[in-house]
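A look at the structure
For reference, the chains in residue letters:
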Amino acid sequence: MSWKERLARGLKRTRQSFVEEMNVLFDRGARLDQEFYDDLEETLVMGDMGARAADEITSNLQEATLRKALPDAHAVLEYLADEIAAQFAPNDDDPLTAERALVLFVGINGTGKTTTVGKLAKRAADAGRKVLIGNADTFRAAATEQLGVWGERAGVEVVERGRGADPASVCYDVIERAEELGSDLVLIDTSGRLHTSKDLMQELQKIVRVTRKRSDMPVYTLLVMDATTGQNGLQQAREFDKMLDLDGVVLTKLDGTAKGGIAVAVSHELKIPLYYIGVGETIDDLQRFDAHEFAHALIGEE
């Protein structure tokens, strides 16, 4: 199955929900009046794209209607995917493809951080990168087991310490080992942190601070976010970005939700690149994000 087919399958629930709302809109008539654009904006907001992105998309489409003398609502729809794609922050500078990089993966519990680290490590190792995995999730035994399995699959070493060890110290050890091995890509898993817990978020700040200070390679912080959380995920992203100044987002579990529009809201509001999206369990179901592919799959266009 191609990635295009996987993406279409993964976005099926979101697309069905969106198309149903759009059909209701078109059933009211194809006239391009203010009521049409108000209803379109409401449809985009209901699709979890966020009020800010929905307003910009609608405004741009109204301008295009006047500039291009579009005849009806169906003509406007032809421009919708491109306008949705334009809401995403540019993601050309992918840290996973940088010449040298250390990437910290953060997020709340259950978003798929550990699996994401494993999949990306396997892909990078298969591509010939000198990869090292660090396990700074010192509170969850399952993380150690999962990373161990992924490390074996990828032929990649996993650096870890005992349960309850200081996560910042683990990151320090990971960097030292990376220097010994000459690693050019270091992926570090961190424990899940509730964005509402001040103490846990401050501890995460310490991890990022220590890592940036010790590492001689560029350090990036990526938020792994569960798409099924919808607007709650947007609030999580706001808090993590405020505390850590995020470099990007990985959005998982798009196949399990009708709220895939949250990808638009997060990237647009916070001006944060979306680098990877997950639409299933296998390694091939986690791929590099392309805004135009996503937007066209979202509204059901080829």
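Residues numbered from 1 in each chain as written. Predicted model: local features only at pLDDT ≥ 70, side-chain atom pairs only at ≥ 80, totals over all residues. Heavy atoms only, no water.

**Considerations on the overall build of the protein**
How we decide: Secondary structure is summarised from DSSP: a helix means a run of H or I of at least four residues, a strand means a run of E of at least two, and numbering begins at the N terminus for each. Radius of gyration here uses only the C-alpha atoms, and the compact-globule reference equals 2.2 Å multiplied by the residue count raised to the power 0.38. Two residues qualify as a contact provided that any one of their heavy atoms is within 4.5 Å of a heavy atom in the partner residue. A positive count includes Lys and Arg, and a negative count includes Asp and Glu. His and the chain ends are not counted in either. The atoms used to mark charge sites are NZ of Lys, CZ of Arg, CG of Asp and CD of Glu.
Along the backbone of the protein there are twelve helices and eight strands. Here the C-alpha atoms of the protein give a radius of gyration of 21 Å, agreeing with the 19 Å that 2.2 N^0.38 yields for 302 residues. In terms of overall dimensions, the protein has a C-alpha envelope of 65 × 40 × 30 Å along the principal axes. Here the contacts in the protein between residues at least 6 apart in sequence split such that 78% fall between residues at least 24 apart. When the 36 basic and 52 acidic side-chain charges of the protein are each reduced to a single mean position, those positions are 5 Å apart.

**What about the environment of R153?**
Rules: Residue exposure (1.4 Å probe, protein chains only): buried if accessible area is under 20% of the type maximum, exposed if over 50%, otherwise partly exposed.
Along the chain, R153 falls in helix α7 (residues 141–154). Residue classification places R153 among the exposed residues on the basis of a relative accessible area of 51%. Sequence separation of R153 and A85 is 68 residues, and the distance between their C-alpha atoms is 35 Å.

**Looking at helix α5 (residues 73–85)**
As a reminder, the rule being used: How far a helix is expected to stretch is found by multiplying one less than its residue total by 1.5 Å. Two axes define the bend at a residue: one fitted to the seven residues ending there, one fitted to the seven starting there, and the bend is the angle between them. Polar contact criterion, stated in full: a pair of N or O atoms within 3.5 Å, where within protein one must be able to donate a hydrogen and the other to accept it, and residues adjacent in sequence count only if both atoms are side-chain atoms.
Here α5 contains 13 residues, and its C-alpha end-to-end distance of 19 Å stays within 8% of the 18 Å for a straight helix at 1.5 Å per residue. Taking the largest bend as the criterion, α5 deviates by roughly 35 degrees, centred on Y79. Restricting attention to buried positions, one finds in α5 the residues A73, A75, V76, L80, A81, E83, I84 and A85. On its buried side, α5 packs onto α2 (12–27), α3 (34–46), α4 (51–68), α11 (262–270) and α12 (291–298). Residue D72 occupies the N-cap position of α5, its side-chain oxygen lying 3.2 Å from the main-chain nitrogen of H74.

**What to know about the pairing of strand β7 (residues 274–278)**
The cut-off we apply is this: By definition, two strands form a pair when at least two bridges between them are found by DSSP. Handedness of a crossover is defined as follows: with both strands directed away from the viewer, a clockwise route from the first strand across the helix to the second makes it right-handed.
The element β7 is extensively covered by neighbouring structure, given that five of its five residues are classed as buried. When strand β6 (residues 248–252) meets β7, the two strands line up parallel, connected through three bridges. Residue pairing in the sheet places V249 in a bridge with L274 of β7. Read as a crossover between parallel neighbours, the route from β6 over α11 to β7 is right-handed.

**Remarks on the environment of Y37**
With respect to the element layout, Y37 can be found in helix α3. Considered as a pair, Y37 and T144 are 107 residues apart in the sequence and their alpha carbons are 51 Å apart. Once residues within four sequence positions are removed from consideration, Y37 is found in contact with L32, T58, L61, Q62, T65 and V76. Within the local environment of Y37, its side chain forms a polar contact with the side chain of T65, the two groups lying 2.3 Å apart.

**Examining the packing of α3 against α4**
The geometry of a pair of packed helices is captured by two quantities: the angle between their axes and the separation between those axes. This is how it is decided: Working convention: axes come from line fits to C-alpha atoms, limited for helices to the stretch in contact. Angles between N-to-C directions cover 0 to 180 degrees. Take the far helix as your reference; a near helix turned counterclockwise from it by less than a right angle gives a left-handed crossing, and one turned clockwise gives a right-handed crossing.
At their nearest, the axes of α3 and α4 sit 9 Å apart, and the two run at 145 degrees to each other. Where α3 crosses over α4, the handedness of that crossing is right-handed. Where α3 approaches α4, its residues Q34, Y37, L40, E41, L44 and V45 are matched on the opposing element by A51, A54, D55, I57, T58, L61, Q62 and T65.

**Considering the packing of aromatic side chains**
For any pair of aromatic rings, the description rests on two quantities: the centre-to-centre distance and the angle between the ring planes. Keep this limit in mind: Note on aromatic pairs: the rings of Phe, Tyr and Trp (six-membered ring only in Trp) are paired at centre separations within 6.5 Å, and the planes decide the class, stacked below 30 degrees, edge-to-face beyond 60, tilted for the rest.
This model, assessed by the stated rule, comprises four aromatic pairs. Each ring, one from F88 and one from F289, has its centre 4.8 Å from the other, and the planes form 55 degrees; the classification is tilted. Residue F88 is located in the loop between α5 and β1 (101–106), and its partner F289 is located in the loop between β8 (286–288) and α12; the two are separated by 201 residues in the primary sequence. Note on accessibility: F88 and F289 belong to one class, buried. Ring centres of F88 and F294 lie 5.8 Å apart, and the angle between their planes is 85 degrees; this geometry places the pair in the edge-to-face category. Of this pair, F88 sits in the loop between α5 and β1 while F294 sits in helix α12; the two residues are 206 residues apart in sequence, bridging distant segments of the chain. With respect to burial, F88 and F294 carry one shared label: buried. Put simply, the rings of F88, F289 and F294 pair up and form one aromatic cluster.

None of this, on its own, says anything about what the molecule does.
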